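Coordinates in review
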Amino acid sequence: MRPTLPASPVAESVDHEFSFSRSDFDRVRQLIYQHAGISLHDGKHAMVYSRLSRRLRDTGYNSFASYLQWLESSTGPQGEQEWQEFVNCLTTNLTSFFREEHHFHALADDLKPLAGKPVRIWCCAASTGEEPYSIAMTCSEALGSSAQVQIVASDIDTNVLNTARRGVYNADSRGLSPARLKSFFMRGTGANEGRIRVKPELQRWIDFKSLNLMNNQWQLGEPFHIVFCRNVMIYFDAPTQRKVLERIHKVMRPNGLLFVGHSENFTESKDLFRLRGKTIYERV
């Protein structure tokens, strides 16, 4: 979950399967900003068409205008489900195991002083699960398999969360060493040849849950020692970033650590977090 860039010309209509005007695009931008805090710039016109056209086919609408009108007027469980599908279509999920590897070396060092104590970690953009499982593997290596670890892994996209819960991946997934494959995964056989599944003893540490960072109330339990919020804020404008940082600050322990993406910088929020290392902040 990119910042708004300077406007560029967008055609009023496109020669595609469905009618998609500039006003339709602007309406989509407004709705996804209201519901998920995501700022879509003009360069995302083709992406929006491609992804949302699937919903038009599934719901039987022949224009974006009619679909969006129906979406905004939908109520009850059906309306909630379609809003979730709308958000799922427009979120971006790019991840891999041990992505930005320096963070996991730092995490291992930061975990060691917590040995023998309950540890709570929040991964607030779990995507398809590679990041929270990488956190769990690091916890196991640093603290041992019997450690008291609780990892809350949340995402706004319910489809990717379902993949994360299953914990099944390709055996050649990026970022996994042979030693970790052997220690933390089971290899598929027969029809599942070439697939791997996360071992139950690692999965037991992780609670996957759907969560919208724009919600006013986060039901997350006790404060966290560590929060991973990587490559999320780049999709928010500055006021939304500040709002989310304030909320993250509230659910963290004093001096807790916030891990962010390589292109994210929050030095203007020094009242909340101070820079502790390479894209690692400490709660003030």
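An unreviewed UniProt entry lists the protein chain under the name Chemotaxis protein methyltransferase, from Roseateles flavus. Per UniProt, the protein chain carries the Catalytic activity (unreviewed entry) text "L-glutamyl-[protein] + S-adenosyl-L-methionine = [protein]-L-glutamate 5-O-methyl ester + S-adenosyl-L-homocysteine". UniProt annotates the protein chain under Function (unreviewed entry) with the comment "Methylation of the membrane-bound methyl-accepting chemotaxis proteins (MCP) to form gamma-glutamyl methyl ester residues in MCP."

Overview of helix H6 (residues 130-143)
Compared with the 20 Å implied by 1.5 Å per residue over 14 residues, the 20 Å span of H6 between its first and last C-alpha is a close match. Most of H6 sits inside the fold, with 12 of its 14 residues counted as buried. Residues of H6 that are buried include every one of Glu130, Glu131, Pro132, Tyr133, Ser134, Ile135, Ala136, Met137, Thr138, Cys139, Ser140 and Leu143, and no others. Gly144 occupies a position one or two residues after H6 and carries a positive phi of about 95 degrees.

Describing the pattern of salt bridges
Close approach of charged atoms allows side chains of opposite charge to pair. Inspection of the entire model under this criterion finds 14 salt bridges. A salt bridge links Asp26 to Arg22, with the shortest nitrogen-to-oxygen separation between them at 3.0 Å. Taken together, the residues span about one helical turn, with Asp26 and Arg22 both in helix H1 (residues 22-36) at a distance of four residues. By relative accessible area, Asp26 is classed as partly exposed at 32%. Owing to a relative accessible area of 19%, Arg22 belongs among the buried residues under this scheme. For Glu141, the salt bridge is made with Arg180, and the minimal N-O distance between the two is 2.9 Å. One end of the pair, Glu141, is in helix H6; the other, Arg180, is in helix H8 (residues 178-184), and 39 residues separate them in sequence. Salt bridges sharing common partners tie together Arg22, Asp26, Arg29 and Asp42.

So, the side chain of Ser134
Here Ser134 is to be found in helix H6. At a separation of 2.9 Å, a polar atom in the side chain of Ser134 contacts the main-chain amide nitrogen of Phe98. The contacts of Ser134, once residues within four sequence positions are left out, are Phe97, Phe98 and Phe104.

Structural notes on the pairing of strand E8 (residues 252-260)
Here strand E7 (residues 224-229) pairs with E8 via five bridges, running parallel. Looking across to E8, one finds that Phe228 is bridged to Phe259. A crossover links E7 with its parallel partner E8, the connecting element being helix H10 (residues 238-250), and its sense is right-handed. Across three bridges, the pairing between E8 and strand E10 (residues 280-283) is antiparallel. Within E10, the residue paired with Leu258 across the bridge is Tyr281.

A few points about the sheet that holds strand E4 (residues 185-187)
One open sheet accounts for three strands, arranged E3-E5-E4; its pairing is antiparallel. Strands with a single pairing partner mark the edges of an open sheet, and in this sheet they are strand E3 (168-170) and E4. In this sheet, neighbouring strand axes are inclined to one another by 35 degrees on average, regardless of whether the strands run parallel or antiparallel. In terms of strand pairing, E4 meets strand E5 (residues 195-198) through three bridges, oriented antiparallel. The partner of Arg187 across the bridge, within E5, is Ile196.

Concerning unusual backbone geometry
Of note, Phe98 is a non-glycine position whose phi angle comes to about 55 degrees, a positive value. With respect to the helices and strands, the residue Phe98 is situated in the loop between helix H4 (76-90) and helix H5 (102-111). The backbone of Asn255 shows a phi angle near 65 degrees, a positive value even though the residue is not glycine. Within the secondary structure layout, Asn255 lies in strand E8.

Observations regarding the packing of H1 against helix H3 (residues 64-73)
It is the contact of H1 with H3, at a shortest axis distance of 10 Å, that shows an interaxial angle of 25 degrees. By the criterion of interaxial angle, the relationship of H1 to H3 is roughly parallel. H1 and H3 meet at a crossing whose hand is left-handed. Where H1 abuts H3, its residues Asp24, Arg27, Val28 and Leu31 lie against Phe64, Ala65, Leu68, Gln69, Leu71 and Glu72.

Cut-offs and rules
Residues numbered from 1 in each chain as written. Predicted model: local features only at pLDDT ≥ 70, side-chain atom pairs only at ≥ 80, totals over all residues. Heavy atoms only, no water. UniProt positions renumbered as here; feature names shortened; annotations may be inferred. Helix = DSSP H or I, 4+ residues; strand = E, 2+ residues; numbered from the N terminus. Expected span 1.5 Å × (residues − 1). Buried < 20%, exposed > 50% of the residue type's maximum accessible area, 1.4 Å probe, protein only. Salt bridge = Lys/Arg side-chain N within 4 Å of Asp/Glu carboxyl O. Polar contact = N/O pair within 3.5 Å; in protein donor to acceptor, adjacent residues only side chain to side chain. Contact = heavy atoms within 4.5 Å. Pairing = 2+ DSSP bridges. Right-handed = clockwise from strand over helix to strand, strands pointing away. Axes fitted to C-alpha atoms, helices over the stretch in contact; angles between N-to-C directions. Parallel < 35°, antiparallel > 145°, perpendicular 65-115°, else oblique. Left-handed = near helix turned anticlockwise from the far one by under 90°.

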